[in-house]
Amino acid sequence: MAKRDWDEYFMKIAEVVASMATCDRKHVGAVIVVNKTVVSTGFNGAPRGMPHCDDVGHELKDMGGRQSCVRTVHGEANALVQAARSGAKVEGGTLYTTASPCYDCLKLIINAGITRVVCKEFYASRYGMSGEMENFAKASGVQLVFLPSPLQESENEPTTKS
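Heads up: these notes are all about the structure in this document. Here the structure is a predicted model, which means the values were calculated and not measured.

Description of the nonpolar core
Membership of the largest hydrophobic core comes to 16 residues, with the highest contact counts inside it found for I32, L80, V90, L95, I109, I114 and V117. For this core, the elements supplying multiple residues, two or more each, are β1 (29-34), α3 (75-86), α4 (103-112), β6 (116-119) and α5 (130-140). Every residue in contact with V117, bar those within four places of it in the chain, is listed here: L95, T97, P101, I109, V142, Q143, L144 and V145. The next biggest cluster of nonpolar side chains, apart from the first, holds 10 residues, and it includes Y96, V118, V145 and L147.

Some details on α3
With 12 residues, α3 should cover 16 Å at 1.5 Å per step; its first-to-last C-alpha distance of 16 Å lies within 8% of that length. Among the residues making up α3, those that are buried are G75, E76, A77, A79, L80 and A83. In the stretch just after α3, G87 is the one whose phi turns positive, near 75°.

Concerning the packing of α3 against α4
Contact geometry for α3 and α4: axes closest at 9 Å, N-to-C directions at 30°. By the angle between their axes, α3 is roughly parallel relative to α4. Judged by the twist between their axes, the crossing of α3 over α4 is left-handed. Facing E76, A77 and L80 of α3, the residues of α4 in contact are C105, L108, I109 and A112. Looking at the contact of α3 with α4 residue by residue, the class counts come to six nonpolar, no polar and one charged.

With respect to the environment of F43
Looking at the element boundaries, F43 is found in strand β2 (residues 37-43). Residue F43 is classed as partly exposed on the basis of its relative accessible area, which comes to 27%. Taking the C-alpha atoms as reference points, F43 and N78, separated by 35 residues in sequence, lie 6.4 Å from one another. The residues touching F43, leaving out its near neighbours within four places in the chain, are V17, M20, A21, T22, V28, G29, V73, H74, G75 and N78.

Quick word on helix α1 (residues 6-18)
Here α1 spans 18 Å end to end across 13 residues, near enough to the 18 Å set by a 1.5 Å rise per residue. Of the positions making up α1, those classed as buried are D7, F10, M11, A14, V17 and A18. Buried residues of α1 fall within an arc of 105° about the axis and therefore sit on the same side. Residues of α1 that are buried sit in contact with β1, β2, β5 (94-97) and β6. Capping of α1 at its N-terminal end is provided by D5; its side-chain oxygen lies 3.2 Å from the backbone amide nitrogen of D7.

Parameters and conventions
Residues numbered from 1 in each chain as written. Predicted model: local features only at pLDDT ≥ 70, side-chain atom pairs only at ≥ 80, totals over all residues. Heavy atoms only, no water. Core = buried A, V, L, I, M, F, W, Y, C linked by side-chain atoms within 4.5 Å. Buried < 20%, exposed > 50% of the residue type's maximum accessible area, 1.4 Å probe, protein only. Helix = DSSP H or I, 4+ residues; strand = E, 2+ residues; numbered from the N terminus. Contact = heavy atoms within 4.5 Å. Expected span 1.5 Å × (residues − 1). Axes fitted to C-alpha atoms, helices over the stretch in contact; angles between N-to-C directions. Parallel < 35°, antiparallel > 145°, perpendicular 65-115°, else oblique. Left-handed = near helix turned anticlockwise from the far one by under 90°. Nonpolar A, V, L, I, M, F, W, Y, C, P; charged D, E, K, R; others polar. Arc of directions from axis to C-beta. Polar contact = N/O pair within 3.5 Å; in protein donor to acceptor, adjacent residues only side chain to side chain.

Printed below as a string of structure tokens:
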């Protein structure tokens, strides 16, 4: 078995965190890492003490021509809030997320001092701003990385003839 790298390791943790999400429209998990140490995690769900989508249904609003659930706090935002609640320093850290952050979450990530965001997949989020989010990250100095999918990895691997 080949040795996995740190990005793969922390993304696997983000995938487990995503399984805790309480809005079934999209399960997203986020992990904040500083110096190869997990300092916070977050998943998308209702604010503390509020009813969850999985229990009472979605609170959908039209945002940028698409229906978005406004009941939930995004996984990236929850990871940042958890870090703040516990007093964990995130500046200079890396945020791993199972879906690319929306424009609002990216602004929070930038202001928190996160310098690198590693995404499992690109997600066309609300406001129709997903494509612009990549340019915004670059302009802010935040490195945005997308991990290759297993399909992409197999396409890049040399083939051997038997």
